[in-house]
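Structural features, examined
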Amino acid sequence: MIPHAHFGERLASVYDNMYPYIEIDTQHAVELFTQLCPPPARVLELGVGTGRVALPLAELGYRVHGIDGSPAMLERLRARDPDGRVTTQLADFTTTTSGDQYDLVVVLLNTFFSAVTKDQQLSCLRHVREQLAPSGRFVVEVFEPTPFHSQTQPSFSVRHLGDQGIMIDMLSVDRAQQLMVGAHTILDGGKPETVQHVLRYAFPFELDLLAEACGLQLEHRWGGFAREPFGPTSHRHVSVYSGADDR
Ligand SMILES: C[S@@+](CC[C@H](N)C(=O)[O-])C[C@H]1O[C@@H](n2cnc3c(N)ncnc32)[C@H](O)[C@@H]1O
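Residues numbered from 1 in each chain as written. Predicted model: local features only at pLDDT ≥ 70, side-chain atom pairs only at ≥ 80, totals over all residues. Heavy atoms only, no water.

1. Quick notes on the overall build of the chain
The secondary structure content of the chain amounts to 7 helices and 11 strands. Against the 2.2 N^0.38 benchmark of 18 Å for 247 residues, the chain shows a C-alpha radius of gyration of 17 Å, consistent with a compact globule. In the chain, the proportion of contacts linking residues at least 24 apart, taken out of those at least 6 apart, comes to 62%. Of the roughly 11,400 Å² that the chain leaves accessible, carbon and sulfur atoms contribute 54%. (Helix = DSSP H or I, 4+ residues; strand = E, 2+ residues; numbered from the N terminus. Rg over C-alpha atoms; globule rule 2.2 N^0.38 Å. Contact = heavy atoms within 4.5 Å. Areas by Shrake-Rupley, 256 points an atom, 1.4 Å probe, with all protein chains shown as cover.)

If you want it as structure tokens, here you go:
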């Protein structure tokens, strides 16, 4: 497993139950992608995971390639995709490219923040630029960090893992490093286990500057995949970049 991919066997085993209300969001994401870039375009997903979005895209006729650093997550994707419609690559997307170009490159559900230093984030964006075909688009979905950045004490929350059990999440923030450390304790009848998850968050304008430094220019920013306006109360953003020299 790539060290900062975090998604070992234990987290992978419950991943598909961690976001029980995400189905409608997935539909909106797929709709947005079809509007930005209709099939049969070539799509690259960084941190493809178990194929939540990659599989519906492949069903629509996109040619989808997914990079992921976790063998356990890719194994689950393959089990859901016996015909191999999504091609996969076990690699670190901050240091490796697919060697190909794509009309759409996407990195979803805060996965961009799993690059835990500014240099890793820059390296990832440079690789994205290299892999973007002329007129291609790059879509990032990440949380808006302000509420977390002002957190001074660890916070706790509990989520249901379907009928399987619960997960207790403890979240602490190192404001100086813009790091968020999550400790997920899984209670599902097996041996309780705690898995750490580190993210390095960036503010929206910071992300735009990093992207610009790598030849990517912001085109749209929404508060979600249904194209909600992005504003002061938005909890996340969906940002679309294109190659700066495409303009
Ligand atoms: C939150 S999951 C998202 C999975 C999928 N994209 C989705 O939206 O459901 C993050 C995924 O990114 C992978 N990942 C995180 N950092 C990575 C890196 N540097 N290189 C490759 N994969 C990475 C993890 O292994 C995990 O499968």
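2. Some details on the site of the ligand
Taken together, 21 residues lie around the ligand, and Y15, E45, G47, D68 and S114 are the ones closest in. For the ligand, the accessible surface in isolation is 600 Å², of which the surrounding protein chains cover 98%. For the shell around the ligand, the residue count by class is 9 nonpolar, 8 polar and 4 charged. (Near = heavy atom within 4 Å. Nonpolar A, V, L, I, M, F, W, Y, C, P; charged D, E, K, R; others polar.)

3. Re the sheet that holds strand 7 (residues 166-174)
With respect to topology, 4 strands assemble into an open sheet ordered 6-7-8-9, the strand pairing being antiparallel. Both edges of this open sheet fall to strand 6 (155-160) and strand 9 (193-200), since each of them pairs with a single strand only. Between one strand axis and the next, the sheet turns through 20° on average, direction left out of account. Note that strand 7 and strand 8 (residues 179-187) share 9 bridges and pair antiparallel. (Pairing = 2+ DSSP bridges. Axes fitted to C-alpha atoms, helices over the stretch in contact; angles between N-to-C directions.)

4. Some points on the pattern of salt bridges
Pairs can form between side chains of opposite charge whenever their charged atoms are close. Tallying each qualifying case throughout the model produces 15 salt bridges. With its nearest N and O atoms 3.0 Å apart, the salt bridge here joins D103 to R42. Placement of the pair is D103 in strand 4 (residues 102-107) and R42 in strand 1 (residues 42-46), with a sequence separation of 61 residues. By relative accessible area, which is 16% here, D103 ends up buried. Residue classification places R42 among the partly exposed positions, given a relative accessible area of 29%. The shortest N-O distance in the salt bridge between D81 and R85 comes to 3.2 Å. Exposure remark for R85: the relative accessible area of 35% places this residue in the partly exposed category. (Salt bridge = Lys/Arg side-chain N within 4 Å of Asp/Glu carboxyl O. Buried < 20%, exposed > 50% of the residue type's maximum accessible area, 1.4 Å probe, protein only.)

5. Re the packing of aromatic side chains
In this structure the tally under the stated criterion is 8 aromatic pairs. On the basis of an interplanar angle of 65° and a centroid distance of 5.1 Å, the ring pair of F143 and F148 is categorised as edge-to-face. The class for F143 is buried, based on a relative accessible area of 8%. (Phe/Tyr/Trp six-rings, centres within 6.5 Å; stacked < 30°, edge-to-face > 60°.)

6. As for unusual backbone geometry
Residue P39 is joined to P40 through a cis peptide bond whose omega torsion reads 10°. Although it is not a glycine, L109 adopts a positive phi angle of roughly 55°. Tracing the sequence through the fold places L109 in the loop between strand 4 and helix 5 (118-131). Of note, the phi angle at S135 is positive, near 65°, even though the residue is not glycine. Mapped onto the elements of the fold, S135 is located in strand 5 (residues 132-143). A relative accessible area of 60% places S135 in the exposed class.

7. Digging into helix 7 (residues 204-213)
Every buried residue of helix 7 is listed here: P204, L207, D208, L210 and A211. Taken around the axis of helix 7, the buried residues stretch over an arc of 165°, which confines them to a single face. Exposed positions of helix 7 whose direction lies more than 90 degrees from the buried face are F205, L209 and A213. In the core, the buried residues of helix 7 are packed alongside helix 5, strand 5, strand 10 (216-222) and strand 11 (236-243). With its phi angle positive at about 85°, G215 sits one or two positions after the end of helix 7. (Arc of directions from axis to C-beta.)

8. Let's talk about the UniProt feature "domain: Methyltransferase" (unreviewed entry) in the chain
Taking the numbering used here, the UniProt-annotated feature "domain: Methyltransferase" (unreviewed entry) corresponds to residues 43-136. In residues 43-136, helix accounts for 32% and strand for 28%; the two terminal C-alpha atoms are 10 Å from one another. (UniProt positions renumbered as here; feature names shortened; annotations may be inferred.)

9. A short note on the nonpolar core
As a rule of thumb, nonpolar side chains are buried together in soluble globular proteins. Ranked by size, the top nonpolar core spans 41 residues in total, and within it L11, F33, L57, V64 and V139 carry the most contacts. Those elements that place two or more of their residues in this core are helix 1 (9-14), helix 2 (23-36), helix 3 (54-59), helix 4 (71-80), strand 4 and strand 11. For this core, the leading source of residues is helix 2, giving 5 residues. Residue-level mapping places this core at the junction of two domains, with at least three residues from each of domain 1 (3-144 + 203-246) and domain 2 (147-198). (Core = buried A, V, L, I, M, F, W, Y, C linked by side-chain atoms within 4.5 Å. Domains from an automatic or database assignment.)

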